[in-house]
Structures are given as structure tokens and as C-alpha cells.
Amino acid sequence: MLRFLLLKTLILPRRSNFTSPLVAGTPSAPSPVSSVFLLPHPLSPHSVSVSVCEELGVMDVVSNEQSDAAANAEAEAQPGEQQMSKRAQKKLLKQQRYEAKKAQKKAAEKEHKKREADRKRKEWDEKLSGVDEEERAKLFDARRGLRMERMEKRNEEKADKIERLAKAKEHGQNIVIDLEFAHLMSPNEINSLTQQITYCYAMNGRCSSPSHLWLTGCSGDMETQLQKIPGYPNWIIEKESRSYIEALHDRKDDLVYLTADSETMLDSLDPKKLYIVGGLVDRNRWKGITMNKATEQGIQTAKLPIGEYLKMSSSQVLTVNQVIEILLKFLETGDWKTSFFHVIPQRKRHEADLDVAQGGKEEVRMEM
């Protein structure tokens, strides 16, 4: 409406002051309102309206530029990424606090070890300074003997560990860690999974009746990170660059993928079965991914009966090493409740058993 009134004001006076060049006579003096649109040669009323429209177009361009500038300024004021939800912010803050506390604890332990080493060194120097040469030689011999005993004990334990792991390769429970999800993880998450696998191997080696561990789909960034672990090439463990479905194709009927999304409850461990744990540190991003994978491959699934023995109080995610430790503890004790309470941290559970008759079952999703 504003544009129409402006056109009317600017065009109509101009028409009244013009005579068509096809008619005798010359145009009269233009009105002040329309003089701004006059050119050196005669113009028709149509020309005037075109000029007015062009002028209004310029005004529109200026207005649009101003609007765009305002929009750009507003966009620059907004953060580059979408705003996180309050729940996501709380999770991030909780994770940051946990990492900070973990780093602080690690630094404190390192400082404590350093102080202990300094204290022992100081005591040893003081002991040597107060004796003669003969007594000093005896002290050195005694110390050397203690070191030899410790080395012999360590070698015996190592030989015993190798023997137990070799037997487990033939007769032990097979547990597979599926590493085909490395492409879904960040470098920090891959590093975290590598540490969990290291803990799994060390923990299995300490068991009186260890299992036989498999690493399948071990390639790319995951393999590169594992190769950095001291002693990794000498691990008594199955290392497969192929997927478990390829490496164990002749035992497909014995494969059981452990996933909290399964409807089948795991009552006990079958020595003939190979139980698969998904190696994925996902921070709850990929829900249902292991269940979907197992379903597509046509293999069995099962879930740990955690909800029948305890109630989770906070995060329902278990790490790979926690799942492996639960399985190893069950193989040792034959009791799920003991296994769960021994492994699952206090911060993740209530100190009370659930009444199964009330139907209180809590599914726990493993980081897979």
C-alpha cells in the first residue's frame, strides 16, 4: 500500500505537465515533485513510471541489504554449533568432573610413589653411612639376594600364567571382543578401548581358570593403537583382522552376542559357546547397534541378568572390561549376584536386591 501511494504521488503530477510529442506544442514546466526524474530529453509518462519503479527498486535493495546485515549480525551472535540440551550439558559436566577427578587421583598416586622412593633412598643412604666397609658389603649382598628372589618369583608367576593361558586356549571359555566399530569412535575413545582391552588381558591372566580371549576385526586405527602396548605381540590371545563371522564361520551356531537389547536372559555360560562383547566406547550414541548387527547376521543374542539381582542408580552403561570381569567372576564363583556386586561400581547401583516378583527388571546397556 505504501508503494502504491508513493507511485501515485510521483507519477500523476508528471502526467499533467506533459504533452505527447505526437501532438503540436511543447511540454510545460514540470512540477517540483517530479523534477527529480527528468532527463535532458522529453520523457513519456510511461518513462516516468519506469524511473519511479527503478528508484523504488533501489530503495528495496538498500532495505534488503540492511535486513541481511541484521540477520548476519544475529547469526554471528549465535554459537557455531547447536545449543546443547540441559540433559546433555549435565552429562558433559559430569564427564568433565570425572575426568578431572581421575587425573587428580593419578597425579596424587604418582606423587606418592615419588615420595616413597625418595624416602627409601634416603633410608638406604643413612644406613650405609653408619657402617664400615665390611658391613656395607653384607648389606649390598642381602639387597642383591632380595632382588634375585623377587625376579625368580616373577618368572615363576609368568611361567604359570603362560601355562594357564595355554590350557585356556584348548579348554577354556571363549570370549570375543568385537572391534569392528573403530570407525565410529574418536581417537580418544579408541585409546580408552585400548586401555580396557589391556585391563581385560591382565585380569584374565590373574584368574586361576582364565578364559580364551579373541580380538576380531582388529585392523586400522584399532590395531595401530594396540601395537603401542608394551608386550602386546607376545599376548596369548587370538588376534584376527577378519570379523568374527568370517573367522568363526564354521562355528556360527555357537556364537552368542551379549547385548542389553536382547530378550533372552543369560542363565549360565555354556563352554561350547563363544560369547561376543562389542568393543565400542560410544557414550550412549549408538543404541541398539549390536542387537541390529547380530539380528542381520542371524546369530544368537543374550543379556546379562543384572536386573534380577540389583538396581542401577545412575548410568546404565558398562564398559567392556566390566562385562569381561563379570563373566570371569561368574566362571570362578558360579554366582551372578556375587559377580555383579563385585564388579559394578557403588556409584552405579543401589545396595538392595530387587524383588523379582514385583517385576522390577533393569536393563543394563553395555558399551559396545
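Right above here is the structure, for reference.
Residues numbered from 1 in each chain as written. Predicted model: local features only at pLDDT ≥ 70, side-chain atom pairs only at ≥ 80, totals over all residues. Heavy atoms only, no water.

A. Broad picture of the overall build of the protein. Regarding its fold elements, the protein presents 10 helices and 8 strands. Within the protein, buried positions represent 35% of all 368 residues. Only carbon and sulfur atoms are counted for the fraction: they give 52% of the accessible area of the protein, which is about 23700 Å². (Helix = DSSP H or I, 4+ residues; strand = E, 2+ residues; numbered from the N terminus. Buried < 20%, exposed > 50% of the residue type's maximum accessible area, 1.4 Å probe, protein only. Areas by Shrake-Rupley, 256 points an atom, 1.4 Å probe, with all protein chains shown as cover.)

B. Summary view of the packing of aromatic side chains. Enumeration over the complete set of coordinates arrives at 7 aromatic pairs. An angle of 70° between the planes, with centres 5.9 Å apart, marks the rings of Tyr244 and Tyr257 as edge-to-face. Taken as a pair, Tyr244 in helix 7 (residues 244-247) and Tyr257 in strand 4 (residues 255-258) lie far apart in primary sequence, 13 residues in all. We note that Tyr244, like Tyr257, is buried. With a centroid separation of 5.6 Å and 15° between ring planes, the pair formed by Trp336 and Phe340 is classed as stacked. Here Trp336 and its partner Phe340 are both found in helix 10 (residues 336-343), 4 residues apart, which amounts to about one turn of the helix. Residue Phe340 is classed as buried on the basis of its relative accessible area, which comes to 0%. An aromatic cluster of three or more residues is present, and its members are Tyr309, Phe330, Trp336 and Phe340. Across from the ring centre of Trp124, 4.3 Å away, lies the NZ or CZ of Arg143, which sits over that ring. (Phe/Tyr/Trp six-rings, centres within 6.5 Å; stacked < 30°, edge-to-face > 60°. Lys NZ or Arg CZ within 6 Å of the ring centre and 35° of its normal.)

C. Highlighting the sheet that holds strand 2 (residues 212-216). Taken together, the 6 strands give an open sheet; going across it, the order is 3-2-1-5-4-6, and neighbouring strands pair in parallel fashion. Each of the sheet's edge strands pairs with one partner strand only, and the pair in question is strand 3 (238-239) and strand 6 (300-302). Of the pairings in the sheet, the one linking strand 2 to strand 3 comprises 2 bridges and is parallel in character. Looking across to strand 3, one finds that Trp214 is bridged to Glu238. (Pairing = 2+ DSSP bridges.)

D. Quick look at the pairing of strand 1 (residues 174-178). Counting buried positions along strand 1 gives 5 out of 5 residues, so the element sits mostly inside the fold. Side chains Asn174, Val176 and Asp178 of strand 1 all project onto a buried face; the interleaved residues Ile175 and Ile177 project onto the opposite face, where all are buried too. Pairing of strand 1 with strand 2, which is carried by 5 bridges, proceeds in the parallel orientation. If you follow Ile177 over to strand 2, its bridge partner there is Leu215. Pairing geometry for strand 1 and strand 5 (residues 274-278), over 5 bridges, is parallel. Bridge pairing in strand 5 places Asn174 opposite Leu274.

E. Representation of the pattern of salt bridges within the structure. According to the stated counting rule, one finds 12 salt bridges in the structure shown. If you follow the salt bridges from partner to partner, you end up with Glu116, Arg119 and Glu123 in one network. (Salt bridge = Lys/Arg side-chain N within 4 Å of Asp/Glu carboxyl O.)

F. Representation of the packing of helix 3 (residues 86-129) against helix 4 (residues 133-171) within the structure. One can describe the packing of helix 3 onto helix 4 by two numbers: an axis separation of 9 Å at closest approach and a directional angle of 145°. The interaxial crossing formed by helix 3 with helix 4 has right-handed handedness. Contacts between helix 3 and helix 4 involve Trp124, Lys127, Leu128 and Ser129 on the former and, on the latter, Arg136, Leu139, Phe140 and Arg143. (Axes fitted to C-alpha atoms, helices over the stretch in contact; angles between N-to-C directions. Left-handed = near helix turned anticlockwise from the far one by under 90°. Contact = heavy atoms within 4.5 Å.)

Everything listed is a geometric property; what it means functionally is a separate question.
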